[in-house]
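Chain residues, written in single-letter form:
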Amino acid sequence: MLYLEERGRGPRLALVHGFTQSGRAWGPAGDRLAERFRLLALDAPGHGRSAGIEADLPGGADLMAEAVDRAGGPAAWLGYSMGGRFALHVALQHPHLVTRLVLVSATAGIDDATERADRRRADGQLADRIEAEGLEPFLRTWLAQPLFASLPPEAAQLESRLDGTAAGLASSLRRAGTGTQEPLWDQLVHLRIPVLVVVGRLDGKYLALAGRLVEAIGTNAELEVVEGAGHACHLEQSDRFSDAVTSWLAG
């Protein structure tokens, strides 16, 4: 079973982290959310204390749903980046367990089959690199890429990322990387719950994807743009992020 850690008090909120992270990686935003919510912080397959578990996106979503259900039943769900893709699968596969959905810097997949295959090959090569370099050297290279240019080193949560293993991250890329994901865009209209799509203003690629998510989901979706933040907006502007999410969930 996936590792799940609970803290805080209030309505239940399941958290699904991004690639290379763990359930410990929510930083000050997580601390503030725990003041208002009972957090159910999952370690995704291949990550943290679930490093030995291998699963693709649909299978991982089933494992996540099972863990949260065992911990008490339906909850609001919040997923960041890779975690957003997992949370989206949970909402579509197990709608009875999702009361509200927050998607942070997320996508519903790559439409073009050729582009998807190219991404799958690139993810496979990256998995090979992780296994060759080892965990910490890879993490330092990963965090140095332009996607995280606006993320201060002290907010990057490197220590919590070291909870994982090189083998676990490599398995995650090969089984649940963006290139493996069947596009979900045409299924988004079936989401009947309130959805908040959150993105950093400085994250141009995902800003465009966020707008597309809101349009595809329909009138039950809202967009929240975090000013002064990039891809990891919950770590870069934790107060703005947590205030926006708390206000929306309370509403």
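Let us look at the structure shown here. (Residues numbered from 1 in each chain as written. Predicted model: local features only at pLDDT ≥ 70, side-chain atom pairs only at ≥ 80, totals over all residues. Heavy atoms only, no water.)

1. Digging into the packing of helix α2 (residues 57–70) against helix α3 (residues 82–93)
One can describe the packing of α2 onto α3 by two numbers: an axis separation of 8 Å at closest approach and a directional angle of 75°. The pairing of α2 with α3 is recorded here as roughly perpendicular in orientation. Contact residues: L57, P58, G60, A61, D62, M64 and A65 in α2; R85, F86, H89, V90 and Q93 in α3. Of the residues in the contact of α2 with α3, the class split is seven nonpolar, three polar and two charged. (Axes fitted to C-alpha atoms, helices over the stretch in contact; angles between N-to-C directions. Helix = DSSP H or I, 4+ residues; strand = E, 2+ residues; numbered from the N terminus. Parallel < 35°, antiparallel > 145°, perpendicular 65-115°, else oblique. Contact = heavy atoms within 4.5 Å. Nonpolar A, V, L, I, M, F, W, Y, C, P; charged D, E, K, R; others polar.)

2. What to know about the packing of helix α4 (residues 113–133) against helix α7 (residues 166–176)
It is at 8 Å that the axes of α4 and α7 come closest, and there the two elements cross at 175°. By the angle between their directions, the pair α4 and α7 is classed as roughly antiparallel. When α4 is examined against α7, the residues D123, G124, L126, A127, D128, I130 and E131 are found in contact with a partner set consisting of A166, L169, A170, L173 and R174. Here the residues of the contact of α4 with α7 sort into seven nonpolar, one polar and four charged.

3. Things to note about the sheet that holds strand β1 (residues 4–7)
One open sheet holds the seven strands; their spatial order is β1-β3-β2-β4-β5-β6-β7, and the pairing between them is mixed. Each edge of the open sheet carries a strand with a single partner, namely β1 and β7 (221–226). The average undirected angle you get between the axes of adjacent strands in this sheet is 20°. Two strands pair when backbone bridges link them, and strand β5 (residues 98–104) and strand β6 (residues 195–200) are joined in this way by four bridges, in the parallel orientation. Opposite V104, over in β6, you have V198 as the bridge partner. Along the sheet, helix α8 (residues 204–217) makes contact with β6 and β7, crossing β6 at roughly 165°. (Pairing = 2+ DSSP bridges.)

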